[in-house]
Amino acid sequence: QVQLVESGGGLVQAGGSLRLSCAASGNIVDINFMGWYRQAPGRQRELVASITSIGTTNVVDSLKGRFTISRDNAKNTVYLQMDSLKPEDTAVYYCNVNGVFTGTRYYAMEYWGKGTLVTVSS
């Protein structure tokens with residue numbers, strides 16, 4: 001069973017930085033898609049950034065230059081570096097994984113973490 005555990009959330013002042021981590025555990029050899037989503041209170045969940053197994057990255061246009069996504073395949077971990085944080089970045093950030101290879105089987109399934117809260121104060 002694949003489990004995702006996010007960490008790194010917390011309270012930070014505007015202009016500060018924070019790095020989120022998401023570690024995938026289970027019988028995992030490789031993961032295709034890894035990404036970060038966020039959901040602010042009363043708003044829809046939205047994609048923040050994604051990265052493929054070969055390192056192709058995508059960050060939504062509004063966050064480019066401030067957010068950077070990376071991954072460590074050996075640790076099955078994806079990171080989200082957030083710089084120059086703004087109050088509007090306040091949200092629960094969710095880790096998302098899609099496509100898990102166990103060595104014998106490929107699971108074309110989507111997995112979600114429980115989320116980590118990021119609060120940016122003015």
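Here goes a summary of the coordinates provided. What you see is a predicted model; the values in this text were computed from it and never measured.

1. With respect to the packing of aromatic side chains
- Scanning all chains against the criterion turns up 1 aromatic pair.
- Here Arg 45 stacks its cationic end above the ring of Tyr 94, 3.7 Å away from the centre of that ring.
- Just above the ring of Trp 112 sits the side chain of Arg 45; from NZ or CZ to the centre is 4.7 Å.

2. Digging into the side chain of Arg 38
- Looking at the element boundaries, Arg 38 is found in strand 4 (residues 30-39).
- Given the relative accessible area of 10%, Arg 38 is considered buried.
- At 2.8 Å, the side chain of Arg 38 forms a polar contact with the side chain of Glu 46.
- Among the polar contacts made by the side chain of Arg 38, one reaches the side chain of Tyr 93 at a distance of 2.9 Å.
- The residues touching Arg 38, leaving out its near neighbours within four places in the chain, are Gln 44, Arg 45, Glu 46, Val 48, Leu 63, Phe 67, Glu 88, Asp 89, Ala 91, Val 92 and Tyr 93.

3. Examining the pattern of salt bridges
- What the rule picks out here adds up to 4 salt bridges.
- With a shortest N-O distance of 2.8 Å, Glu 46 and Arg 38 are connected by a salt bridge.
- Residue Glu 46 is classed as partly exposed on the basis of its relative accessible area of 38%.
- Asp 89 serves as the salt-bridge partner of Arg 66, at 2.8 Å between the closest nitrogen and oxygen. Note that Arg 66 is positioned in the loop between strand 6 (57-59) and strand 7 (67-72) and Asp 89 in the loop between strand 8 (77-82) and strand 9 (91-101), a separation of 23 residues in sequence.
- Exposure remark for Arg 66: the relative accessible area of 12% places this residue in the buried category.
- Look at Asp 89 and you get buried, because its relative accessible area is 1%.
- Put simply, Arg 38, Glu 46, Arg 66 and Asp 89 are held in one network by salt bridges that share partners.

Calculation notes
Residues numbered from 1 in each chain as written. Predicted model: local features only at pLDDT ≥ 70, side-chain atom pairs only at ≥ 80, totals over all residues. Heavy atoms only, no water. Phe/Tyr/Trp six-rings, centres within 6.5 Å; stacked < 30°, edge-to-face > 60°. Lys NZ or Arg CZ within 6 Å of the ring centre and 35° of its normal. Helix = DSSP H or I, 4+ residues; strand = E, 2+ residues; numbered from the N terminus. Buried < 20%, exposed > 50% of the residue type's maximum accessible area, 1.4 Å probe, protein only. Polar contact = N/O pair within 3.5 Å; in protein donor to acceptor, adjacent residues only side chain to side chain. Contact = heavy atoms within 4.5 Å. Salt bridge = Lys/Arg side-chain N within 4 Å of Asp/Glu carboxyl O.

Take it as geometry only, folks, not as evidence of what the structure does.
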